[in-house]
Every structure is written in C-alpha cells, then in structure tokens.
Amino acid sequence: MISVRTRFWVESVTGSACGVLAVLTVFWPDWIEGLTGFDPDHHSGWFEWAIVVALLVVCAAAGSLARAEWRRPKMAVPIAD
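Residues numbered from 1 in each chain as written. Predicted model: local features only at pLDDT ≥ 70, side-chain atom pairs only at ≥ 80, totals over all residues. Heavy atoms only, no water.

To continue, consider the nonpolar core. By size, the foremost hydrophobic cluster in this structure holds 6 residues: Cys-18, Ala-22, Trp-31, Ile-32, Ile-51 and Leu-55. Mapped by element, the contributors of at least two residues to this core are α1 (6-27), α2 (31-36) and α3 (46-71). In this view, Cys-18 contacts Leu-55, Val-58 and Cys-59; residues no more than four positions away in its chain are not counted. (Core = buried A, V, L, I, M, F, W, Y, C linked by side-chain atoms within 4.5 Å. Buried < 20%, exposed > 50% of the residue type's maximum accessible area, 1.4 Å probe, protein only. Helix = DSSP H or I, 4+ residues; strand = E, 2+ residues; numbered from the N terminus. Contact = heavy atoms within 4.5 Å.)

Have a look at this one:
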C-alpha cells in the first residue's frame, strides 16, 4: 500500500472542492448571491466570472501540488535480512 502524507489529502480535497464550485458557478452563477445575499456586481455577472477564474486557478494549483506530493520519492526503508 502506498502511504502519502496528510498534505496530499488536503491538496486533493481542496482541488476537488474548487473544481466542483467552479462548475457549479458556471451553471448556476447566482448561487453565491442566493446563499449569502452578497451582490457586489448588481447582477452584471463579472463577479461570478472572476470567482470561476479564481476557483480554477486554485484547482489547478492544488491539483499540481497533490500530483507532486503523490510522486514525491518515498524514504527508503531498509530490508531486514
């Protein structure tokens, strides 16, 4: 079994959550306004697209970090004779 550090799981969950929220925002742009009541762009849509871009950047960064963590060389374990 491959053992990975907790860091891998944090990066994977963060990347996945950001990806899901980015897709959600593309298909339902007003979910943030509906959830929080916060409407800084007065329904022009620029704020939602800025959030999509930011979420995709975080998703890509977290995914890259998780991949690097997964491929990180494992410490050599001495084999007992």
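Going through the model one piece at a time under the given rule, you end up with 3 aromatic pairs. Measuring from ring centre to ring centre gives 5.2 Å for Phe-8 and Trp-70, while their planes differ by 40 degrees; the resulting arrangement is tilted. One end of the pair, Phe-8, is in helix α1; the other, Trp-70, is in helix α3, and 62 residues separate them in sequence. On the basis of relative accessibility, which here comes to 11%, the residue Phe-8 falls in the buried class. On the numbers, 5.8 Å between centres and 85 degrees between planes, the contact of Trp-46 with Phe-47 is edge-to-face. (Phe/Tyr/Trp six-rings, centres within 6.5 Å; stacked < 30°, edge-to-face > 60°.)

It is worth spelling out the pattern of salt bridges at this point. Oppositely charged side chains are able to pair whenever their charged atoms sit close together. Going through the model one piece at a time under the given rule, you end up with 4 salt bridges. The closest approach of N and O atoms between Glu-11 and Arg-7, which form a salt bridge, is 2.9 Å. Separated by 4 residues within a single helix, Glu-11 and Arg-7 lie in helix α1, roughly one turn from each other. Connected via shared salt-bridge partners are Arg-5, Arg-7, Glu-11, Glu-69 and Arg-72. (Salt bridge = Lys/Arg side-chain N within 4 Å of Asp/Glu carboxyl O.)

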